[in-house]
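# Breakdown of the fold
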Amino acid sequence: RKEVEQDPGPFNVPEGATVAFNCTYSNSASQSFFWYRQDCRKEPKLLMSVYSSGNEDGRFTAQLNRASQYISLLIRDSKLSDSATYLCVVNNYGGSQGNLIFGKGTKLSVKP
Amino acid sequence: NAGVTQTPKFRVLKTGQSMTLLCAQDMNHEYMYWYRQDPGMGLRLIHYSVGEGTTAKGEVPDGYNVSRLKKQNFLLGLESAAPSQTSVYFCASSPGELALHFGNGTRLTVT
């Protein structure tokens, strides 16, 4: 099982749709989880951290399921500007210190 | 506040040439990282540093060296470039084992 796995997509959705991405991780000792957004030919930028109780930031909701070792990102009322690649990031606790493991990303394309 | 600055932004090298990529951060972060990003491979950690004067190997360190002589700078060196090192290189920093702040990237082509 790969350390961090994501469905590469692409997810093609119309404006206003709700879309969800899942990410699975293999290290049960991982403590920190993040979603990053990366626009084409740009650097990754932090979208949100993922907390055990789940957290919401506007149209974005992140959930963590430790038992099944996955995190999810829900985007409601999709906008054209949401088109990007979404990266799941998990810390490799117990591995190399300071080592965050990146998934390969899920590409989202929001169409008019 | 510049954040994380990488230089150069683009570079073309011939096989066997050497170069150094510079990363500078003005956020007083302890941790700094060098990643490479290739199509279909995602971001892979090359080397990282948890403080001034310290460095450690990441997932793909071969062919690269690093130095962290000053807290704000993290240098990535290619002693003898190979076509397999054609990639986009990202530097990042963080205050600890927390979220990373990335630079704009360096696009390197080795012919």
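Given the structure is predicted, the values throughout are model-derived calculations rather than measurements. (Residues numbered from 1 in each chain as written. Chains lettered and ligands numbered in written order. Predicted model: local features only at pLDDT ≥ 70, side-chain atom pairs only at ≥ 80, totals over all residues. Heavy atoms only, no water.)

## Side note on the pattern of salt bridges
- Summed over all chains, the structure comprises 7 salt bridges over all chains.
- With a shortest N-O distance of 2.8 Å, D39 of chain A and R37 of chain A are connected by a salt bridge.
- Looking at D39 of chain A, the relative accessible area reads 30%, which means it is partly exposed.
- Residue R44 of chain B pairs with D38 of chain B through a salt bridge whose shortest N-O separation is 2.9 Å.
- Its relative accessible area of 16% is what places R44 of chain B among the buried residues.
- Residues joined by salt bridges that share partners form a network here, namely R36, D38 and R44 of chain B. (Salt bridge = Lys/Arg side-chain N within 4 Å of Asp/Glu carboxyl O. Buried < 20%, exposed > 50% of the residue type's maximum accessible area, 1.4 Å probe, protein only.)

## Some remarks on empty space enclosed by the protein
Residue and element names in this part refer to chain A.
- Tallying each qualifying case throughout the model produces 1 cavity of 30 Å³ or more.
- In this structure, the largest cavity occupies an estimated 50 Å³ of space.
- In terms of lining residues, the largest cavity is bounded by E3, V4, Y25, S26, N27, S30, V90, N91, N92 and I101.
- Among the residues making up the lining of the largest cavity, the classes are represented as 4 nonpolar, 5 polar and 1 charged. (1 Å grid on protein atoms, 1.4 Å probe; cavity = no way out; pocket = protein on both sides within 12 Å on 5 of 7 lines; lining within 4 Å. Points joined across faces, edges and corners; volume = space filled by probe spheres on them. Nonpolar A, V, L, I, M, F, W, Y, C, P; charged D, E, K, R; others polar.)

## Brief notes about the packing of aromatic side chains
- Summed over all chains, the structure comprises 14 aromatic pairs over all chains.
- On the numbers, 5.0 Å between centres and 50° between planes, the contact of Y25 of chain A with F33 of chain A is tilted. Summarising the burial analysis for this pair, Y25 of chain A and F33 of chain A share the class buried.
- An aromatic cluster of three or more residues is present, and its members are F34, Y36 and F102 of chain A together with Y31, Y33, Y35, Y48, F90 and F102 of chain B. (Phe/Tyr/Trp six-rings, centres within 6.5 Å; stacked < 30°, edge-to-face > 60°.)

## Comments concerning the interface of chain A and chain B
- Contacts between chain A and chain B engage 18 residues on the former and 20 residues on the latter.
- Surface buried jointly by chain A and chain B totals about 1700 Å² across both partners, of which 52% is contributed by carbon and sulfur atoms.
- Scanning the region where chain A abuts chain B turns up 0 salt bridges.
- Counting across the interface, chain A meets chain B through 3 residue pairs in polar contact (both at pLDDT 80 or more).
- The dominant element in the side of chain A that touches chain B, judged by the number of residues it contributes, is strand β4 (residues 33–38) of chain A, at 3 residues.
- Its residues placed into classes, the side of chain A that touches chain B shows 7 nonpolar, 7 polar and 4 charged. (Contact = heavy atoms within 4.5 Å. Buried area = accessible area lost by both parts, 1.4 Å probe. Polar contact = N/O pair within 3.5 Å; in protein donor to acceptor, adjacent residues only side chain to side chain. Helix = DSSP H or I, 4+ residues; strand = E, 2+ residues; numbered from the N terminus.)

## A look at the state of the cysteines
- A complete count under the given rule lists 2 disulfides over all chains for this structure.
- Here C23 of chain A engages in a disulfide with C88 of chain A; their sulfurs sit 1.9 Å apart. Looking along the S-S bond of the C23 of chain A-C88 of chain A disulfide, the torsion reads about -70°, which is the left-handed sense. With C23 of chain A in strand β3 (residues 19–25) and C88 of chain A in strand β9 (residues 84–91), this residue pair connects regions lying 65 residues apart in the sequence.
- A sulfur-sulfur distance of 1.8 Å marks the disulfide that ties C23 of chain B to C91 of chain B. Residues C23 of chain B and C91 of chain B are joined through a disulfide that is left-handed, its torsion about the S-S bond being -75°. Here C23 of chain B, found in strand β3 (residues 19–25), pairs with C91 of chain B, found in strand β9 (residues 87–94); they are 68 residues apart in sequence, far enough to count as distant. (Disulfide = S-S within 2.5 Å.)

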